[in-house]
Amino acid sequence: MEEERGLSFGEILKIIFKRVWWLLGATALCLIAVVLITQLWYNKKVQYFSVSYELVYPDSESGRYPDNSYLLAADCISFGTLNDIKNGKYSPDNPEEFKSIDVDKMLKKDGISISETVTRTADDGIKRTYTLTVIADYFSSNTQAANFLRTVASYPVYRVNEIIASNEYGKYFSIFDKAETYADKIDALLRQKQYLEEKYNSFVIYGSEVEANSAALHNIFTETQRQSLEASLTANYYVVNAEEYLANSDTRIAALNKKISDNNAIISELEKKRDESVTTNPDGGASAASVRLNDQGIITSPYDYEIALLTKENGVMLNEIADIEATKDAIGKYSQEGTAAYGQWKKFESQLNGYRAELEEATAALKKVSTDIYKNNSRVIFSVNSIKTQGGINAVIAAILGALIGLLVTSFIIAIIDVPRYKRKMLAQATAENAENKVSEEENAEVKE
């Protein structure tokens, strides 16, 4: 019986390559399958997109928005922000682009993150760099992912322009309208002008329009004009609502007189206690427990301080009563239409309202300039133009791995099937050859005999 012999590596390769088309076809299928699995499934689970960028807008170094609230990186990836982006708030040209993104799951699974790095620049300024990272599994395509990341990165710029558009530039005008005295109205106009001046000073680097508007503002509601209004107000006792003032004046005077009377009664009691508390020492001096030095170094009793305060308060109230009486008298003069006093009062009001109108025009000009400045100088600067893709398996590497896996697996299967068949065939051939040789030998032996 013939013994089965082993096969050489060359013989095995020869067996495998007899099915070369099977080998190539199976390898190609495996290559395609591995590439598809890695790119369409595996990579989406482990691959992520990232982008680094800077935010630039007026006063961005402060890390605050124009309304002085802090720019927090975490706000850029809050549910509210991401949901607004998903619903197309910041992509009006294509509002449905991000509808398929599950931002709720993205946040719950920590599928998105953002980091902030603050560094000093060469000119001792502050540079803020942000890095945004998102798992690839939440997107239907790389294009959708890239657009989503850019929109999230741009959120603070959108927010800046929203704040500027809704900013209440004329907040002191509402104070002016509600003011119950002309003094408060004048103060409101002054504060409005100071606010405009501060804003223009912060925009001074942004061009000639800012300089021109700032120069024009300098000539509106000048210090001389303000002082003239205040002098006229002091001299003429103008009030905003004369009828209401007159109706309340007697009640106010009565209340002040009552308070003065009460204070005088308290002063009398204090003076009595002071006189009773003064004692004499054996050496002729006042008791140390009942006296002290005032600011001029004169010995006084502890009650004198309280008496002085009440006396001063009474003096203030007496002056207020005098002002009320003078105002009542003045109202009687300038409230009569056709009189010179009435004409001066209306001229005062006309001047005051005219200054307000001028400041309103200046405020509208500031709003336009401010809106343009922020619109033209607010942007995102990306470190690179393309979105980085990290993690996962590269398509070329996946193809090579797929080809190797296909080649090895197919070769192994072919070997399992064909090697035993080849061995049986070789064994049968060897057995037949041995039988022929034996017959031939027997025939040769018979011939010799």
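Further up the page is the structure itself.
Residues numbered from 1 in each chain as written. Predicted model: local features only at pLDDT ≥ 70, side-chain atom pairs only at ≥ 80, totals over all residues. Heavy atoms only, no water.

Tracing the backbone through its elements, the reader meets Leu366 in helix H13 (residues 340-377). A residue is classified by how much of its surface remains accessible, and Leu366, at 0% relative accessible area, is buried. Sequence-wise, Leu366 and Asn213 are 153 residues apart; in three dimensions their C-alpha atoms are separated by 7.8 Å. Residues contacting Leu366, with those up to four places away along its chain left out, are Tyr169, Tyr195, Leu196, Lys199, Tyr200 and Phe203. (Helix = DSSP H or I, 4+ residues; strand = E, 2+ residues; numbered from the N terminus. Buried < 20%, exposed > 50% of the residue type's maximum accessible area, 1.4 Å probe, protein only. Contact = heavy atoms within 4.5 Å.)

Here the focus is helix H5 (residues 142-153). Every α-helical turn comprises 3.6 residues, leaving residues that sit three or four positions apart pointing alike. A rise of 1.5 Å per residue sets the reference length of H5, with its twelve residues, at 16 Å; its end C-alpha atoms lie 16 Å apart and thus fit the reference within 8%. Buried within H5 are the following residues: Gln144, Ala145, Ala146, Phe148, Leu149, Thr151, Val152 and Ala153. (Expected span 1.5 Å × (residues − 1).)

Time to look at the side chain of Thr363. Within the element layout of this structure, Thr363 appears in helix H13. Judged by its relative accessible area of 8%, Thr363 is buried. Not counting the four nearest positions on each side in its chain, Thr363 is found in contact with Tyr169, Gly170, Phe173, Gln192 and Leu196.

Looking now at the nonpolar core. Among the nonpolar cores identified, the biggest contains 72 residues, and Tyr53, Met106, Leu132, Phe139, Phe148 and Leu149 are the most heavily contacted of them. Broken down by element, this core gets its largest block of residues, ten residues, from H13. Residue contacts for Tyr53: discarding those within four places in its chain leaves Ile114, Arg128, Thr129, Tyr130, Leu132, Ala153, Val380, Ile381, Phe382 and Ser383. With six residues, the next largest nonpolar core counts Leu256, Ile260, Ile321 and Ile324 among its residues. (Core = buried A, V, L, I, M, F, W, Y, C linked by side-chain atoms within 4.5 Å.)

In this section: the packing of helix H9 (residues 208-218) against H13. In contact at an axis separation of 11 Å, H9 and H13 are set at 165 degrees when each is read in the N-to-C sense. Looking at the two axes, H9 sits roughly antiparallel to H13. In the packing of H9 onto H13, the handedness of the crossing is left-handed. Counted together, Glu209, Val210, Asn213 and Leu217 of H9 and Leu359, Ala362, Ala365, Lys368, Val369 and Ile373 of H13 form the full contact between these two elements. For the contact of H9 with H13, a count of residues per class yields seven nonpolar, one polar and two charged. (Axes fitted to C-alpha atoms, helices over the stretch in contact; angles between N-to-C directions. Parallel < 35°, antiparallel > 145°, perpendicular 65-115°, else oblique. Left-handed = near helix turned anticlockwise from the far one by under 90°. Nonpolar A, V, L, I, M, F, W, Y, C, P; charged D, E, K, R; others polar.)

Attention shifts here to the packing of helix H8 (residues 182-202) against helix H10 (residues 223-236). Two numbers describe how H8 lies on H10: the axes approach to 10 Å, and their chain directions differ by 175 degrees. Put simply, H8 runs roughly antiparallel to H10. On H10, the residues that touch Tyr182, Ala183, Ile186 and Leu190 of H8 are Arg226, Leu229, Glu230 and Leu233. For the contact of H8 with H10, the class distribution of residues is six nonpolar, no polar and two charged.

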